[in-house]
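# Coordinates in review
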Amino acid sequence: MRFGILSTADIGRRAVVPAIEKTDHEVVAVASRDEENARQYADDFEIPTSYGSYEALLEADIDAIYNPLPNALHAEWTRRAADAGLDVLCEKPLTVDASAATALFDYCEDAGVTVMEAFMYHFHPRTERARELVREELSTIRSVESTFTFSLRGDPDDIRLSPSLAGGSLMDVGCYAVSATRGFLGDPDRIHAHALDTRDCGVDTDLVAQFEYDDPGAHAQIRCGFDTQHRQHYRVDAENGWLEAENVFNPGPDAAVSFTYSADGEETTETFDPEDAYRLEVEAFADAAESGSEPPVGRTETVANMRAIDAIYESADRGVPVALEDSR
């Protein structure tokens, strides 16, 4: 598969382009609104072609695009790529809310192209094993805690602080904590959230949300923010044991990782060799696009995660618990 990279965003430079280079697929073009930036990016990665506009990339001889544009631009440029007959691997969150995600999946389906939200942590073997172990070894989960925070200080112009670009800690990193919690417990019945805008910038920079489940009477807490030090963590507590891990969402391709769990009184640590989750993500997307099958992170998962995010924002705005079935 021949990929075009839509913008010179850091996530592509740091993770996705190197991941594609580890596969049987290739990056053949990159575009930026600044032609010189695109040319330098292409030189850095020995990409054959660069363009000074996004429109030009969509007319290139490529099969798919990777879309790491700011959140508010994901849907527009994914639709435009679909119009050009291109499959799209789009950074998370796919859209700004659940209704927009549903509409985008409908649009891409009508255009006959594959779209997948680039939630790479889903593909790490530790994530898959943790979910399997919780499902098969832990009985009656009572609580889940999931956190993704890091310090975003010293750059007031960072796009993650822009309301017009759909910034905020929930959209940037909290979506991982929401996804992890749902992966262990499923969709909650109610959400009660509290958000702070400590920079007076118009987006959440620190957020806590409580998830409540009628069956089996469980609860969860997710935490995300730009105000405290870096932490990626989850813990699951069940009637017969627990599971806990650190550095859970983006450990890096060269890091060995682990989790520790206790089931029926026996404590065990499982360790996983270094693995590039971005490479696995790219391969899964390309396989789905080439076969025409449903991608592993598809409509159901993406829309459900956005519905929970919508409810978090609604609860934080209104200051009351919000039932998922009643959320906007």
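Placed above this text is the structure.
A brief report on the enclosed structure follows. (Residues numbered from 1 in each chain as written. Predicted model: local features only at pLDDT ≥ 70, side-chain atom pairs only at ≥ 80, totals over all residues. Heavy atoms only, no water.)

### Focus: the pairing of strand E12 (residues 241-246)
Strand residues, when the strand is regular, have side chains that alternate between the two faces of the sheet. Because side chains alternate across E12, one face comprises the buried residues Gly241, Leu243 and Ala245, and the other comprises Trp242, Glu244 and Glu246, none of which is buried. Examined bridge by bridge, strand E11 (residues 231-238) and E12 share six bridges and lie antiparallel to one another. Looking at the pairing, Ala238 lines up with Gly241 of E12. Taking the residues between adjacent antiparallel strands as the criterion, E11 and E12 are bridged by two residues. Where E12 and strand E13 (residues 257-263) come together, four bridges link them in antiparallel fashion. Paired with Leu243 across the two strands is Tyr261, which belongs to E13. (Buried < 20%, exposed > 50% of the residue type's maximum accessible area, 1.4 Å probe, protein only. Helix = DSSP H or I, 4+ residues; strand = E, 2+ residues; numbered from the N terminus. Pairing = 2+ DSSP bridges.)

### Focus: the pairing of strand E7 (residues 141-149)
Most of E7 sits inside the fold, with seven of its nine residues counted as buried. As paired elements, E7 and E11 share eight bridges and run antiparallel to each other. Residue Thr147 lies in a different strand from E11, and its bridge partner there is His233. Where E7 lies against strand E10 (residues 219-225), seven bridges are found, and the strand directions are parallel.

### Thoughts on the sheet that holds strand E14 (residues 266-272)
Two strands in a sheet stick together by hydrogen bonds in their backbones, pointing the same way (parallel) or opposite ways (antiparallel). Judged by pairing direction, the sheet is mixed, and its nine strands sit side by side in the order E14-E13-E12-E11-E7-E10-E9-E8-E15 without closing on themselves. The sheet terminates laterally at E14 and strand E15 (322-323), the two strands that pair on one side only. Here helix H7 (residues 169-185) sits on the sheet and contacts E7, strand E9 (206-212), E10 and E11; the angle it forms with E10, its principal contact strand, is near 160°. Lying over the sheet, helix H9 (residues 299-318) contacts strand E8 (190-196), E9, E10 and E15, oriented at roughly 60° with respect to E8. (Contact = heavy atoms within 4.5 Å. Axes fitted to C-alpha atoms, helices over the stretch in contact; angles between N-to-C directions.)

### Observations concerning empty space enclosed by the protein
Applying the stated criterion across every chain, the model contains one cavity of 30 Å³ or more. Estimates place the volume of the largest cavity at around 70 Å³. Residue lining of the largest cavity: 13 residues in total, with His124, Asn250, Pro251, Gly252 and Ala277 positioned closest to the centre. Considered class by class, the residues forming the lining of the largest cavity number eight nonpolar, three polar and two charged. (1 Å grid on protein atoms, 1.4 Å probe; cavity = no way out; pocket = protein on both sides within 12 Å on 5 of 7 lines; lining within 4 Å. Points joined across faces, edges and corners; volume = space filled by probe spheres on them. Nonpolar A, V, L, I, M, F, W, Y, C, P; charged D, E, K, R; others polar.)

### What to know about the pattern of salt bridges
Tallied over the entire structure, the rule returns 30 salt bridges. Residue Asp106 is joined to Arg299 by a salt bridge in which the shortest nitrogen-to-oxygen separation is 2.9 Å. Taken together, the residues span a long stretch of sequence, with Asp106 in helix H5 (residues 98-111) and Arg299 in helix H9 at a distance of 193 residues. You can call Asp106 partly exposed: its relative accessible area is 34%. (Salt bridge = Lys/Arg side-chain N within 4 Å of Asp/Glu carboxyl O.)

### Structural notes on the packing of aromatic side chains
By the definition in use, this model includes 15 aromatic pairs. Considering the side-chain rings of Tyr176 and Phe249, the 5.5 Å spacing of their centres and the 40° angle between planes classify their relative orientation as tilted. In this pair, Tyr176 is assigned in helix H7 and Phe249 in the loop between E12 and E13, connecting sequence segments 73 residues apart. Neither residue differs from the other here; Tyr176 and Phe249 are each classed as buried. Among the aromatic side chains, those forming a connected cluster through ring pairs are Phe119, Tyr121, Phe148, Tyr176, Phe184, Tyr234 and Phe249. Above the plane of the ring of Trp77 lies Arg80, whose end atom (NZ or CZ) is 4.1 Å from the centre. (Phe/Tyr/Trp six-rings, centres within 6.5 Å; stacked < 30°, edge-to-face > 60°. Lys NZ or Arg CZ within 6 Å of the ring centre and 35° of its normal.)

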